[in-house]
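Survey of secondary and tertiary structure
What follows is the residue order along each chain.
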Amino acid sequence: MKKTRQSTIKLNDGVEIPYLGLGTWQARGKECVQAVQFALNHGYSMIDTAQGYHNERQVGEGWKASGHNREDIFITTKIDNSNQGYKSTQRSLEKSLKDLQTEYADLTLIHWPDIRDFSRSVETWQALIDLKEKGLTRSIGVSNFTIHLLNDLLSEINVMPSVNQVEFHTFLYQKELLEYCREKNIQIEAYSPIARAKFFDNETIQSVAGKHEKTPAQVMLAWCVNHDLVVIPKSTNQGRIQENADIFFELDDEDMQALDQVGPETRLVNGAWAPPTW
Ligand SMILES: NC(=O)c1ccc[n+]([C@@H]2O[C@H](COP(=O)([O-])OP(=O)(O)OC[C@H]3O[C@@H](n4cnc5c(N)ncnc54)[C@H](OP(=O)(O)O)[C@@H]3O)[C@@H](O)[C@H]2O)c1
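Since this is a predicted model, take the numbers as computed values, not measurements. Numbers given to residues run from 1 along each chain, matching the order in which its sequence is written. Totals for whole chains, interfaces and linings use every residue, but because this is a predicted model, local features are given only for residues with pLDDT of at least 70 and side-chain atom pairs only at 80 or more, for both listing and counting. Heavy atoms from the whole structure form the basis of all side-chain values; hydrogens and water molecules are not counted.

Helix and strand counts for the chain come out as 10 helices and 10 strands. Dimensions of the chain, computed from the C-alpha atoms along their principal axes, are close to 55 × 40 × 35 Å. Here a residue-residue contact requires only that any non-hydrogen atoms of the pair lie within 4.5 Å. Expressed as a percentage of contacts within the chain between residues at least 6 apart in sequence, the contacts between residues at least 24 apart total 75%. For the chain, the accessible area works out to roughly 12300 Å², and carbon and sulfur atoms hold 44% of it. Distance between charge centres in the chain, computed from 29 positive and 38 negative side chains, equals 6 Å. A run of DSSP states H or I qualifies as a helix once it reaches four residues; a run of E qualifies as a strand once it reaches two. Both are numbered from the N-terminal end. Computed by Shrake-Rupley with a 1.4 Å probe, the accessible areas treat only the displayed protein chains as cover when residues are assessed. When charges are counted, neither His nor the chain ends are considered; positive counts come from Lys and Arg and negative counts from Asp and Glu. One atom stands in for each charge, and that atom is NZ of Lys, CZ of Arg, CG of Asp or CD of Glu.

Attention now goes to helix α4 (residues 118-133). In this analysis, the expected span of each helix is defined as 1.5 Å times one less than the number of residues it contains. Between the first and last C-alpha of α4 there are 23 Å, a value that for 16 residues agrees with the 22 Å anticipated at 1.5 Å per step. Those residues of α4 that fall on the buried side of the exposure criterion are Phe 118, Ser 121, Val 122, Thr 124, Trp 125, Ala 127, Leu 128, Ile 129 and Leu 131. The inward-facing, buried residues of α4 contact β5 (74-79), α3 (86-99), β6 (105-110), β7 (137-143) and α5 (147-156). A positive phi of about 90° marks Gly 135, the residue just after α4. Accessible area is worked out with a 1.4 Å probe on protein chains only. A residue is then buried under 20% of its type maximum, exposed over 50%, and partly exposed in between.

With that settled, consider the layout of surface pockets. Reported here for the largest pocket is a volume of approximately 790 Å³. Cavity means a closed set of points on a 1 Å grid over the protein atoms alone, one where a 1.4 Å probe fits but cannot get out, pocket means an open set with protein on both sides within 12 Å along at least 5 of 7 lines, and lining means a residue has an atom within 4 Å of a point. Along the walls of the largest pocket sit 35 residues, with Trp 25, Tyr 53, Ser 192, Arg 196 and Lys 234 positioned nearest its centre. Grid points are joined across faces, edges and corners, and a volume is the space filled by probe spheres set on the points. Counted as a void, the second largest pocket has a volume near 350 Å³. Residue lining of the second largest pocket: 18 residues in total, with Thr 146, Ile 147, Gln 174, Arg 267 and Trp 278 positioned closest to the centre. Every element with two or more residues in the lining of the second largest pocket is listed here: α5 and α6 (175-184). Three residue categories are used. Nonpolar comprises Ala, Val, Leu, Ile, Met, Phe, Trp, Tyr, Cys and Pro, charged comprises Asp, Glu, Lys and Arg, and polar comprises the others, including Gly. Looking at the lining of the second largest pocket residue by residue, the class counts come to 10 nonpolar, 4 polar and 4 charged.

A pair of strands is considered paired only if DSSP assigns at least 2 bridges between the two. Read from one edge of the open sheet, 8 strands run β3-β4-β5-β6-β7-β8-β9-β10, paired in parallel fashion. Of all the strands in the sheet, the pair left with one neighbour each is β3 (22-23) and β10 (230-231). Judged from the 2 bridges that link them, β3 and strand β4 (residues 46-48) form a sheet pairing that is parallel. Bridge pairing in β4 links Gly 23 to Asp 48.

Being near a molecule or strand, for a residue, comes down to having at least one heavy atom within 4 Å of it. The environment of the ligand is formed by 28 residues, the closest being Asp 48, Arg 196, Lys 234, Ser 235 and Arg 240. Note that an oxygen atom of the ligand is positioned 3.0 Å from one of the backbone N or O atoms of Thr 236. Within the complex, the protein chains bury 87% of what would otherwise be the 900 Å² of accessible surface of the ligand. The way we define it, a molecule is inside a pocket or cavity when more than half of its atoms are within 2 Å of that pocket's grid points. At a threshold of 2 Å from the grid points, most atoms of the ligand map onto the largest pocket. Two N or O atoms form a polar contact when they lie within 3.5 Å of each other; inside protein one atom must be a possible hydrogen donor and the other a possible acceptor, and for residues adjacent in sequence the pair counts only when both atoms belong to side chains.

Okay, here's the thing in structure tokens:
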């Protein structure tokens, strides 16, 4: 079935998540408020934030200013590593909700696995399970988890995350992780889905863009959507926010095959919290 901006995917807990959301990493102050308000009034219904982005207050102001009813939008936040652990997860989500001006999050993620002391991430996961039970978040998931770490988590607590938010774009086609997550019914959410606009001059991207009269960003996002991934491109520029929403067009098999093989493989996010092997 043809996907549209209104299309959603049903997660393993029955919650419907939109294909398209606005990323907000590095969106600050008034610019963040305006971007969130603008996006929600121009085809987006989901916003991705995190405690670590220090902009939950601005995201809250932005969605309020948009005039939308709370139940018509989808807000994701993430538990910062400094807040991992049972009690601090609970306390920190309560603060996030206050800042976001909402009584519940739609999706709450463990931002990064704690690879130095994984028991903290296990405790965080238990806290999220309990917070979902209490209605403070409708759905729960993880971010930056490898197959190995997902197996570790599930061997401690056998409650499946609904989402794994990871870096995923044409230059980082994580096929094995995608297949594993499909098998477990964990939805992949693609972050940095346009690879931070670094490779728009790639020949294949340019050629598919030319063929469909679309921009490189739109082709990279359409590739994700055609692979049934949720995408959360970040922009605070009104023109680019609109451009990044015009991505619901079909890529044919030839386009997809060419894009699947675009290289070289490049990982952009590999910071201090990253697992030793991805
Ligand atoms: N879970 C995690 O650990 C994690 C890690 C990284 C990111 N994320 C989430 O994923 C979101 C997206 O990832 P990202 O911000 O790393 O990268 P991205 O969305 O791939 O790229 C964003 C960058 O590209 C520019 N841009 C956006 N649209 C454009 C377009 N159509 N043409 C040209 N340039 C464009 C933006 O600048 P302008 O704003 O000036 O347009 C910004 O510099 C983040 O904002 C965050 O919400 C999560």
